[in-house]
Amino acid sequence: MIKIAVLASGSGSNLQAIIDACKNKTIDGSVVLVISDKKDAYALKRAKDALIESIFIDPKSFPSKGLYETEVVKAIKKSGADLVCLAGYMKIVGDVMLSNYKGKTINIHPALLPSFPGLHAQKQAFDYGVKVSGATVHFVDEGCDTGPIIIQSCVKVFENDTEESLQKRILDEEHKIYPEAIRLFAEGKLKIEGKKVKIL
Ligand code: GRF
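So, about the overall build of the protein. Looking only at helices and strands, one finds six helices and nine strands in the protein. By the compact-globule yardstick of 16 Å for 200 residues, the protein fits well, its C-alpha radius of gyration being 16 Å. Dimensions of the protein along its principal axes, counting C-alpha atoms only, are 50 × 40 × 35 Å. A burial count over the protein gives 49% of its 200 residues as buried. In the protein, the share of contacts with a sequence separation of at least 24, taken over all contacts with a separation of at least 6, comes to 62%. A total accessible area of about 10,100 Å² is found for the protein, and carbon and sulfur atoms account for 55% of it.

Structure below.
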């Protein structure tokens, strides 16, 4: 049974999908800790409602990113988590996190990487005029949304779409593929080989 720590900055709908997948046993595991860098993140409320330990760690109270991440790592270590899931976590992971959890940190991105990395990926794709977009779950490495890809899912972009309707369609896919990627990790089925992830 895998222990999962989730880092989230926003509404936490992906967190909710992960909690639900643990509850209904799609994932043989449980979310043991939720950390947010935003005091008012709705993700923290979702964690409380699910009786999961949740903490707000304020990056502004630390003189450097390294010291902030040291605190984050300390909390994750204490929770005993085997996997760290970034779910709408709006910070780029730095050296301290990576030196402790590389290969054990995954992220969800609302576009088909390597297209449209970074912020506002749905808007970037919509404005570009793509005919398909989607979501990507990947291991986290030193770059911004550059790590080895675990799962991707496509959605069509329709003529009458707005940025919002596209975002919603992508989010629905995120809620399917994130728990699926975690299930594969939990079952030991993911093997990183260079840039590629082999699904055993
Ligand atoms: C998702 O679209 C995720 O891909 C992106 O931020 C959004 C977070 O949504 N990184 P939520 O907080 O999980 O509802």
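This part is about the sheet that holds strand 3 (residues 54-56). Strand order in the open sheet made by the seven strands is 3-2-1-4-5-6-7, with mixed pairing throughout. A single partner strand is all that each edge strand has here, and the edge strands are strand 3 and strand 7 (149-156). Averaged over all adjacent pairs, the angle separating strand axes in this sheet is 20 degrees, with direction ignored. In this structure, strand 1 (residues 2-7) lies alongside strand 4 (residues 83-86), joined through four bridges in parallel fashion. Within the sheet, the bridge partner assigned to Val-6 lies in strand 4 and is Cys-85. Against the sheet, helix 1 (residues 13-23) engages strand 1, strand 2 (29-36), strand 4 and strand 5 (105-109), with an angle of about 160 degrees to strand 2.

When two helices pack together, you describe them by how their axes are tilted relative to each other and by the distance separating the axes. Here helix 1 crosses helix 2 (residues 42-49) at 20 degrees, and the two axes come no closer than 9 Å. Between helix 1 and helix 2, the angle falls in the class roughly parallel. Between helix 1 and helix 2 lies a crossing whose hand is right-handed. Listed contacts from helix 2 to Ser-13, Leu-15, Gln-16 and Ile-19 of helix 1 are Ala-43, Arg-46 and Ala-47.

Moving on to unusual backbone geometry. The linkage connecting Leu-113 with the following residue, Pro-114, adopts the cis geometry, with an omega of 10 degrees. Among the structural elements, Pro-114 can be located in the loop between strand 5 and helix 5 (121-128). In this model, Phe-116 sits at a positive phi of 55 degrees, which is unusual for a non-glycine residue. Residue position: Phe-116 is located in the loop between strand 5 and helix 5. Its relative accessible area of 16% is what places Phe-116 among the buried residues. For His-120, which is not a glycine, the phi torsion comes out positive at approximately 50 degrees. With respect to the secondary-structure elements, His-120 resides in the loop between strand 5 and helix 5. You can call His-120 exposed: its relative accessible area is 57%.

With that out of the way, let us pick up the environment of Asp-95. Here Asp-95 lies in helix 4 (residues 95-101). For Asp-95, a relative accessible area of 65% puts it in the exposed group. Expressed as a C-alpha distance, the spacing of Asp-95 and Thr-70, which sit 25 residues apart in the sequence, is 9.9 Å.

Pairing of strand 8 (residues 190-193) with strand 9 (residues 196-199) involves four bridges; the strand directions are antiparallel. Residue Glu-193 lies in a different strand from strand 9, and its bridge partner there is Lys-196. Counting the residues between successive antiparallel strands, the hairpin from strand 8 to strand 9 contains two residues, one of them, Gly-194, with a positive phi of roughly 65 degrees.

What counts, and where the lines are drawn
Residues numbered from 1 in each chain as written. Predicted model: local features only at pLDDT ≥ 70, side-chain atom pairs only at ≥ 80, totals over all residues. Heavy atoms only, no water. Helix = DSSP H or I, 4+ residues; strand = E, 2+ residues; numbered from the N terminus. Rg over C-alpha atoms; globule rule 2.2 N^0.38 Å. Buried < 20%, exposed > 50% of the residue type's maximum accessible area, 1.4 Å probe, protein only. Contact = heavy atoms within 4.5 Å. Areas by Shrake-Rupley, 256 points an atom, 1.4 Å probe, with all protein chains shown as cover. Pairing = 2+ DSSP bridges. Axes fitted to C-alpha atoms, helices over the stretch in contact; angles between N-to-C directions. Parallel < 35°, antiparallel > 145°, perpendicular 65-115°, else oblique. Left-handed = near helix turned anticlockwise from the far one by under 90°.

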